[in-house]
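So the chains spell out like this:
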Amino acid sequence: MEPPERADSIEVDGEKWVCDSSVDHKGRVPLRAHTGVWKASLFIIAIEFSERLSYFGIATSLIIYLTKVIHQDLKTAAKSVNYWSGVTTLMPLFGGFVADAYLGRFSTVLFSSLIYLLGLTLLTMSQFLPCLKACEEAICHKARKVHEIVFFLAIYLISIGTGGHKASLESFGADQFDDDHCEERKKKMSYFNWWNFGLCFGVILGVTLIVYVQDHMSWGAADIILIIVMALSLVIFTIGRPFYRYRAPSGSPLKPMLQVLVAAVRKRNLPHPPNPAELYQVSKVDHGRLLCHTEKLNKSGTPLSCRFLDKAAILEGTENFAEKQSPWRLATVTNVEEMKLIINMIPVWLATLPFGICVAQCSTFFIKQATTLNRKIGNDFEIPAASIFSLAAIGMIISVTTYEKILVPTLRRKTGNERGIKILQRIGTGMVFSIATMVVAALVEKKRLSVAEKDPLKGSRLSMSVFWLAPQYLIIGIGDGFTLVGLQEYFYDQVPDSMRSLGIAFYLSVIGAANFLSSLLITVVDHVTEKYGNGWFGKDLNSSRLANFYWLLAAITAANLFVFVFLARRYSYKNVQRNVAVAACPPANNNNNNQGDLVLEIEVKR
């Protein structure tokens, strides 16, 4: 039997076909048994593994490269890393928009991976071609300008590639699970945990194997490995094409938002209907699901009145007349609710920035601290400084595994929530760990400085072991397992269905904006402390006062946690009308006697 060409052209069995607006690689309604879920997601996780291997192989050792090869001072190098990290994690906003509006997620991943490969190729050329190398001689005190230009061009090409890759790939993986099918919906909640589990293995290999090759062989040899792995993973990703479920791009997701605002302004003088049921709603939408009307943007209200936005959906004529009206004059309840979702996210996005600033220290000052400490194991083997970052990935693996296998089943039984706890509760839990990280980091740095002052070889490698940094990396890794995974779930789940690539980009933009804020904070703190005494950021670590900076971050993050808790307690989650096949998902009271082959549709509020 041939599958139907369109999900809305024939009544289909929800157990056999996937009726969530997705299609298979031939443009038909997908067969549930042959497409999607883990059989498709494993191909997607494979290319994410290689991308994280490349990114962290470059990112964690970037500050070392900038100080040792390009010979930037500590403050300039830290800012350069923050700028690059910021651009890399903000680029997905552009990539996500292109994927949702025009190219689709699969095509965006494909094209951005090719750009990524181009960046890696240029990076490799800068290490091997004599005309592009940092220096002609073995030892030099400043890299040639042409090397700097090519090097920065290469890593920013990687930023562009990451922009399309990160925004689309994770949401493409989540698209393989049907929200309207109970079993697939539960698997989707586990998907983000196992996605990060696989991601962390890429991080661990990136900061151990790749960094070791950089440290003990050459930067160019490491770049060749990254090119080979990325090319192979791209082939694997393409092989999985018949198993994927695809979502057609729906045009600019920002246009409906603008239409709601214009329609609301046009009808600003109309009285609000006493019954929300009188507002205009359609029976189905082309992309995504219908949303229920909500009375407030959140439980405490916001400056932009919910009732004002509702006016965009006020009917000025009959139902038949409404269908002929311009969307710039009349919006649906679903469009209005989507606008509310975006407005509701703004304070949450802002309240997660201090956490992102704490995370930014892991790839800058934490790594630079490691370069000053004793990294030897035994008599011969020396750990590369950037490899210490692997402890953060190990902490995240421990956190994600414990949460998925122990906490979620226990909390589901106690709270009755499918997720175990609410998404924002998970994010807030990780913020507590970020505060602990900064406190521990400040104490360790104070200890490191005291050893440096007593060490007879001051300015050289200290006798203090690099494993003093282990607690701060493990704690931030555990916090990442709560907050970063929670942010991925939040921004994918709570955005309008047509904006899911942009949703993942919003999550990444938290880290990107936090990197820029970290650079700004360093500049401000350096200016103020130099003006009123000794600056906190010197030419090297021993002349700096990083412990004071860590205490400042701990105080900022602790104060912000109270703000976040206030917002989380008053947050109103997405309220979805979902059509569910009874045979696949029986009602909670289990009194329905019509379960079986008969497919019924029920309306459920999420």
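An unreviewed UniProt entry lists the chain under the name Major facilitator superfamily (MFS) profile domain-containing protein, from Manihot esculenta. If you open the UniProt record of the chain and go to Sequence similarities (unreviewed entry), you find "Belongs to the major facilitator superfamily. Proton-dependent oligopeptide transporter (POT/PTR) (TC 2.A.17) family."

### What about the overall build of the chain?
In terms of helices and strands, the chain carries 17 helices and five strands. The burial tally for the chain puts 55% of its 606 residues in the buried class. By sequence separation, contacts in the chain at least 24 residues apart represent 80% of the contacts at least 6 residues apart. Total accessible area on the chain is roughly 25,700 Å²; 62% of this is exposed by carbon and sulfur atoms.

### Remarks on the pattern of salt bridges
Evaluation of the coordinates by the stated rule reveals 13 salt bridges. Between Asp178 and Arg32 there is a salt bridge, with its nearest N and O atoms 3.2 Å apart. Here Asp178, found in the loop between α4 (145-174) and α5 (182-216), pairs with Arg32, found in the segment before α1 (37-68); they are 146 residues apart in sequence, far enough to count as distant. You'll find Asp178 and Arg32 in the same group, each marked buried. Two residues, Arg105 and Asp175, come together in a salt bridge whose shortest N-O distance is 2.2 Å. With Arg105 in helix α3 (residues 105-128) and Asp175 in the loop between α4 and α5, the pair connects residues that are 70 residues apart, well separated along the chain. You'll find Arg105 and Asp175 in the same group, each marked buried. Through salt bridges with shared partners, a single ionic network connects Arg32, Asp178, Glu184 and Arg245.

### Remarks on the side chain of Thr162
Within the secondary structure, Thr162 sits in helix α4. Thr162 sits in the buried class, given a relative accessible area of 2%. A distance of 2.8 Å separates a polar side-chain atom of Thr162 from the backbone oxygen of Ile158. Those residues within four positions of Thr162 in sequence are excluded, and the remaining contacts are Glu51, Arg52, Thr88, Pro92, Tyr116 and Ala167.

### Considering empty space enclosed by the protein
What the rule picks out here adds up to five cavities of 30 Å³ or more. Estimated volume of the largest cavity: approximately 520 Å³. Those elements that provide at least two residues to the lining of the largest cavity are α1, α2 (74-103), α4, α5, α11 (353-360), α13 (390-415), α15 (470-493) and α16 (500-531). When grouped by side-chain class, the residues that make up the lining of the largest cavity number 18 nonpolar, eight polar and three charged. Viewed by domain, the lining of the largest cavity spans two of them, domain 1 (12-251) and domain 3 (342-577), each represented by three or more residues.

### Observations concerning the packing of aromatic side chains
Evaluated as defined, the whole model comprises 33 aromatic pairs. Residues Phe365 and Phe549 carry aromatic rings whose centres are separated by 6.1 Å and whose planes lie at 80° to one another, so their mutual orientation is edge-to-face. Placement of the pair is Phe365 in helix α12 (residues 365-371) and Phe549 in helix α17 (residues 546-569), with a sequence separation of 184 residues. Considered together, Phe365 and Phe549 belong to a single accessibility category, that of buried residues. For the ring pair Phe389 and Tyr473, a centre distance of 6.0 Å and an interplane angle of 70° mean the geometry is edge-to-face. Placement of Phe389 in the loop between β3 (381-382) and α13 and of Tyr473 in helix α15 is noted, with a sequence separation of 84 residues between them. By relative accessible area, which is 0% here, Tyr473 ends up buried. Sitting over the ring of Tyr403, Arg426 keeps its end group 3.8 Å from the ring centre.

### Remarks on the packing of α4 against α16
Between α4 and α16, whose axes approach to 8 Å, the crossing angle comes to 120°. The pairing of α4 with α16 is recorded here as oblique in orientation. Of the two possible hands of crossing, α4 and α16 adopt the one that is right-handed. Across the interface between the two elements, Lys166, Ala167, Ser168, Glu170 and Ser171 from α4 touch Arg500, Ser501, Ile504, Ala505, Tyr507 and Leu508 from α16.

### Thoughts on the confidence of the model for the chain
Chain-level pLDDT for the chain is 79 on average; 86% of the residues reach the 70-or-more range. The least confident element of the chain, judged by mean pLDDT, is strand β5 (residues 601-605) at 35; the most confident is α17 at 92. Per-residue pLDDT stays below 50 along residues 298-304; that stretch engages in 13 contacts with residues further than four places along the chain or on separate chains. Confidence over residues 580-606 falls short of pLDDT 50; this stretch has 44 contacts with residues more than four positions distant or in other chains.

### Points about the environment of Glu418
With respect to the secondary-structure elements, Glu418 resides in the loop between α13 and α14 (423-454). Residue class for Glu418 comes out partly exposed when judged on its relative accessible area of 29%. With residues up to four places along the chain from it excluded, the contact list for Glu418 reads Arg185, Lys186, Met189 and Arg412.

### Side note on a nonpolar patch on the surface
Judged by side-chain polarity, Leu517, Leu520, Val524, Val528 and Tyr532 come together as a nonpolar surface patch covering roughly 480 Å² of accessible area. Looking at where Leu517 falls in the secondary structure, it is placed in helix α16. Judged by relative accessible area, Leu517 falls into the partly exposed class, the value being 33%.

### Some details on the nonpolar core
Counting 147 residues, the largest nonpolar core has Phe237, Phe365, Tyr473, Tyr490, Phe549 and Tyr550 as the members making the most contacts within it. Examining the composition of this core, we find that 15 residues originate from one element, α1, more than from any other. The residues contacting Tyr550, other than those within four sequence positions of it, are Phe365, Phe366, Gln369, Met438, Ala441, Ala442 and Glu445.

### Looking at the packing of α14 against α15
The geometry of α14 relative to α15 is characterised by a closest axis approach of 8 Å and an angle of 155° between their N-to-C directions. With respect to each other, α14 and α15 are oriented roughly antiparallel. Relative to α15, the crossing made by α14 is left-handed. Among the residues making up the contact of α14 with α15, the classes are represented as 17 nonpolar, nine polar and three charged.

### Description of helix α6 (residues 219-239)
Along an α-helix, residues three or four apart share an orientation, since each turn contains 3.6 residues. Across its 21 residues, α6 extends 31 Å between first and last C-alpha, which sits within 8% of the 30 Å expected from 1.5 Å per residue. Among the residues of α6, those classed as buried are Gly220, Ala221, Ala222, Asp223, Leu226, Ile227, Met230, Ser233, Leu234 and Phe237. The elements touched by buried residues of α6 are α1, α3, α4 and α5.

### Remarks on α5
Its 35 residues place the ends of α5 51 Å apart at the C-alpha level, agreeing with the 51 Å of an ideal helix rising 1.5 Å per residue. Along its length, α5 shows its largest kink, about 30°, at Ser190.

### As for the side chain of Lys311
The topology assignment puts Lys311 in the loop between α8 (306-310) and α9 (319-324). Apart from the residues lying within four places of it in its own chain, the contact partners of Lys311 are Lys267, Arg268, Asn269 and Leu270.

The rules behind these values
Residues numbered from 1 in each chain as written. Predicted model: local features only at pLDDT ≥ 70, side-chain atom pairs only at ≥ 80, totals over all residues. Heavy atoms only, no water. UniProt positions renumbered as here; feature names shortened; annotations may be inferred. Helix = DSSP H or I, 4+ residues; strand = E, 2+ residues; numbered from the N terminus. Buried < 20%, exposed > 50% of the residue type's maximum accessible area, 1.4 Å probe, protein only. Contact = heavy atoms within 4.5 Å. Areas by Shrake-Rupley, 256 points an atom, 1.4 Å probe, with all protein chains shown as cover. Salt bridge = Lys/Arg side-chain N within 4 Å of Asp/Glu carboxyl O. Polar contact = N/O pair within 3.5 Å; in protein donor to acceptor, adjacent residues only side chain to side chain. 1 Å grid on protein atoms, 1.4 Å probe; cavity = no way out; pocket = protein on both sides within 12 Å on 5 of 7 lines; lining within 4 Å. Points joined across faces, edges and corners; volume = space filled by probe spheres on them. Nonpolar A, V, L, I, M, F, W, Y, C, P; charged D, E, K, R; others polar. Domains from an automatic or database assignment. Phe/Tyr/Trp six-rings, centres within 6.5 Å; stacked < 30°, edge-to-face > 60°. Lys NZ or Arg CZ within 6 Å of the ring centre and 35° of its normal. Axes fitted to C-alpha atoms, helices over the stretch in contact; angles between N-to-C directions. Parallel < 35°, antiparallel > 145°, perpendicular 65-115°, else oblique. Left-handed = near helix turned anticlockwise from the far one by under 90°. pLDDT = per-residue confidence, 0-100. Patch = residues over 30% accessible without salt bridge, like charges linked within 9 Å, V, L, I, M, F, W, Y side chains within 5 Å. Core = buried A, V, L, I, M, F, W, Y, C linked by side-chain atoms within 4.5 Å. Expected span 1.5 Å × (residues − 1). Bend = angle between axes of the 7 residues up to and from the residue.

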